[in-house]
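Notes for the structure review
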Amino acid sequence: SEKKPRLFLLDYGAGNVRSLANSIKKLGYEFEWIKDASDFEKADKLIFPGVGAFPQAINSLHSSNLFEPLRNYLHSGRPYFGICIGMQVLFAGSDEGDPIPGLGLIDARVERFKAVSETTGKSKSIPHMGWSEATPFKPRTSSTLVPPVKEEVEDLYFVHSYAVPFRSTPLISSWTNTTTQYGDEIFVSSIKRGNILACQFHPEKSGEAGLKVLDNWLKAPVEEISGNFDGQEQAREVSVKANDGFTKRVVACLDVRSNDQGDLVVTKGDQYDVREKTTDAGDVRNLGKPVELARRYYESGADEICFLNITSFRQSALHDQPMLAVVEAAAETVFVPLTVGGGIKDTVDPDGTERSALEVAGAYFRSGADKVSIGSDAVIAVEELLARQAAGTQPVLTGKTGIETISKAYGNQAVVVSFDPKRVYVDAAIDPATLGPHAASLVVGSEATGNVTEEERSKAWWYQCTINGGRAVRDIDVVQLAKGVEMLGAGEILLNSVDRDGSGRGFDLDLVRLVRNAVNIPVVASSGAGKVEDFEEVFEKTDVEAALAAGIFHRNEVPIENVKAHLLKKNISARRAKD
Ligand code: 1PR
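Values in this document were obtained by computation on a predicted structure and should not be read as measured data. (Residues numbered from 1 in each chain as written. Predicted model: local features only at pLDDT ≥ 70, side-chain atom pairs only at ≥ 80, totals over all residues.)

Another point: the overall build of the protein chain. Within the protein chain, the regular secondary structure consists of 18 helices and 27 strands. Here the C-alpha atoms of the protein chain give a radius of gyration of 24 Å, agreeing with the 25 Å that 2.2 N^0.38 yields for 579 residues. Principal-axis analysis of the C-alpha atoms gives the protein chain an extent of 75 × 55 × 50 Å. Burial status across the protein chain gives 51% buried among its 579 residues. For the protein chain, contacts bridging at least 24 residues in sequence account for 73% of all contacts bridging at least 6. (Helix = DSSP H or I, 4+ residues; strand = E, 2+ residues; numbered from the N terminus. Rg over C-alpha atoms; globule rule 2.2 N^0.38 Å. Buried ≥ 20, exposed ≤ 12 C-beta atoms within 10 Å, placed from the backbone. Contact = placed C-beta atoms within 7 Å.)

Here you go:
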């Protein structure tokens, strides 16, 4: 029988490559890691799953002496599959970070998305994070290697702030395999020519659709996907559509903690109280096993899964091996993005070993997490930032906070900040000036647009931030926190509400709108979902990119399938669950 082709993966240690490794294993293929330049000679197929930032990727190729060998491999005509940064490095350069030349196979540049449209003035969040349509560009051929694999468009998972803009030139037209629209910008979402296939989306995070793209390439005979990438075609056009096809994400959240027997269980509270009220002992509510539930949610069409270790602030998260094991096991069966939070901060182990937030986050990324979520530590970091601003201390940014160190090393998109705000009720006739800076988060009940009770309508309130799972309030409001974490480099906000948590009353729309309008990074609305209409409402009435729920999914009251079906019925763009 024929010799099996040797597949190699190139990793430069910049984030979650475990998910790609897991998906290749799940599809039934074996691979080896490139260890040094000589391995390129042995490779029949090569995958470069680039994560992080363009200059870091190029620099690390240079420092490990892999830059030239990689370029030689690409010119050898043997099959290459680049993912995300693994696509971008093929270009001449990027606007990201320090200017540094890329591999230069394609004489065009990677550019930053524009937060505000030059033609319509409408704004969009950066990074582009979520599921978008990839539309085939090339005339259809018999090849099944063109992602998307079906004739029609498919939703695939993207997470990036930079992309190659589509331009109707012979060069770009020759390479473009699919295009994707974000806002009114059209970018090249995959390229294919000769031996090169590369995509801006993450096939290993794009559910069944993404696995199919990978599988098609993996099973293709080497000769079929070898060749050279020279030559040019005629320039062709793509027109901007009224609807960009960017979908709203539905996120399932699992609050995880150890119960009184010491096992990690999924729990869920009301207003952050997770203990049973019916038993005298007040046991921690147990709603299931984290890994099993995560798999169930993946299979029922969750666009993203979030684990929050809600007790880890008591000790170092790295001491919490079981949580790392949970992430590792979940990443074996969940092929959509995974976020992990709880205890991401500088800590000291009981034996005195110091662990930086960056180190803790790194351990989670290596276990298969795509993003880490920071709660308490982000509040403290922004308080210190505000104090430096007030005192005129320079520099305002120290570069030392967890948000800064992690986003620098792994990219902004890898850092989520979890907000746990609580309403502070004040007199309805209050003079906002008496609230000082917090007036920015003041809502007067009679003007509230979210669903509020008669009693709430007669009051006013502002949104105060808390730490340690709502246990301690701080002198900082959600608008200050939102602007502060964006400045520090966070890539997304997970916006909970202590008041609405577990209530089933719907999302706090006034809160959601305040935070959405304060920043240009994606915001996930959370807390209070009780029925499918609550998702419709938050997407119709605010501009959030995603909505999260916990209790209704755990108790099987509202399956994720029903949420998706309802959104689609109401013409809200959502990723179609599995066919
Ligand atoms: O402060 O960095 O160690 O992170 C701790 C993390 O744990 C924070 O993200 C914080 O939100 C979370 N957390 C801490 N204590 C609790 C608790 O419940 N006692 N859970 C807690 C937060 C809220 C949401 C929940 C939504 C949706 N849980 O995550 O999933 O409210 O719930 P619903 O749909 O049932 O209404 P750090």
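Read on, since the account is not over.
Moving on to the packing of helix H16 (residues 532–541) against helix H18 (residues 560–569). Running from N to C, H16 and H18 point in directions that differ by 45°, and their axes come no closer than 9 Å. Taken as axis vectors, H16 and H18 run oblique relative to one another. Relative to H18, H16 is oriented so that their crossing is right-handed. The residues of H18 that touch H16, namely those facing Val532, Phe535 and Glu536, are Asn562, Val563, His566 and Leu567. Here the residues of the contact of H16 with H18 are counted per class, giving 4 nonpolar, 2 polar and 1 charged. (Axes fitted to C-alpha atoms, helices over the stretch in contact; angles between N-to-C directions. Parallel < 35°, antiparallel > 145°, perpendicular 65-115°, else oblique. Left-handed = near helix turned anticlockwise from the far one by under 90°. Nonpolar A, V, L, I, M, F, W, Y, C, P; charged D, E, K, R; others polar.)

Turning our attention to the site of the ligand. Around the ligand sit 32 residues, and of these Gly375, Ser376, Ser418, Gly469 and Gly551 come closest. Mapped by element, the contributors of at least two residues to the shell around the ligand are strand S13 (249–258), strand S19 (371–374) and helix H11 (376–391). Classifying every residue of the shell around the ligand by side-chain character gives 11 nonpolar, 16 polar and 5 charged. (Near = placed C-beta within 6 Å.)

Right, let's talk about the sheet that holds strand S6 (residues 106–112) for a bit. One open sheet accounts for 3 strands, arranged S5-S6-S9; its pairing is mixed. This sheet does not close on itself; its edge strands, each paired only once, are strand S5 (91–94) and strand S9 (162–163). Relative to S6, S5 runs parallel, the two sharing 3 bridges. Paired with Phe91 across the strands is Ile106, a residue of S6. (Pairing = 2+ DSSP bridges.)

Bringing the sheet that holds strand S10 (residues 176–182) into the picture now. Judged by pairing direction, the sheet is mixed, and its 9 strands sit side by side in the order S2-S1-S3-S4-S12-S11-S10-S7-S8 without closing on themselves. Two strands in the sheet have a free side with no partner beyond their single neighbour: strand S2 (32–33) and strand S8 (154–160). Summarising the sheet, S10 and strand S11 (residues 185–193) pair through 6 bridges and their orientation is antiparallel. Across the sheet, residue Thr176 finds its bridge partner in S11, namely Ile191. The sheet strands contacting helix H7 (residues 207–219) are strand S4 (80–84), S8 and strand S12 (196–199), and the helix crosses S8 at an angle near 90°.

Moving on, we get to the confidence of the model for the protein chain. Per-residue confidence for the protein chain gives a mean pLDDT of 92; residues scoring 70 or more make up 94%. ipTM for the predicted complex: 0.99, alongside a pTM of 0.95. (pLDDT = per-residue confidence, 0-100.)

The next subject is the pairing of S12. Walk down a regular strand and you will see the side chains alternate between the two sheet faces. Of the two faces of S12, both are covered, the one formed by Ile196 and Ala198 as well as the one formed by Leu197 and Cys199. Pairing analysis gives 4 bridges linking S4 to S12, with the strands arranged parallel. Residue pairing in the sheet places Gly82 in a bridge with Ala198 of S12. Alignment of S11 against S12, held across 4 bridges, turns out to be antiparallel. Opposite Lys192, over in S12, you have Leu197 as the bridge partner. Where S11 folds back onto S12 in an antiparallel hairpin, the turn is made up of 2 residues, including Gly194, whose phi is positive at roughly 55°.

What follows deals with the domain arrangement of the protein chain. As assigned here, the protein chain comprises domain 1 (7–225) and domain 2 (249–569). If you average the C-alpha positions of domain 1 and of domain 2, the two centres end up 31 Å apart. Counting residues at the interface gives 25 residues for domain 1, matched by 24 residues for domain 2. No other element matches the 4 residues that helix H1 (residues 18–26) contributes to the side of domain 1 that touches domain 2. (Domains from an automatic or database assignment.)

Attention now moves to H16. Within H16, burial applies to Asp534, Phe535, Val538 and Phe539. With its buried residues spanning 125° around the axis, H16 presents them on a single face. Structurally, H16 contributes buried residues whose contacts are with S13, helix H15 (509–518), strand S26 (523–526), strand S27 (546–549) and H18. (Arc of directions from axis to C-beta.)

On to unusual backbone geometry, then. With an omega of 5°, the peptide bond running from Ile126 to Pro127 counts as cis. Of note, Pro127 is situated in the loop between S6 and strand S7 (128–136). Omega for the peptide link from Gln394 to Pro395 comes to -5°, which places this bond in the cis form. Considering the arrangement of structural elements, one finds Pro395 in the loop between H11 and helix H12 (402–410). Not every positive phi belongs to a glycine, and Asn65 is a case in point at roughly 55°. The topology assignment puts Asn65 in the loop between helix H3 (54–63) and helix H4 (67–75).

Bringing helix H10 (residues 357–367) into the picture now. Turning to H10, its buried residues are Ala357, Val360, Ala361, Ala363, Tyr364, Phe365 and Ser367. Looking one or two places after H10, you find Gly368, whose phi comes out positive at around 125°.

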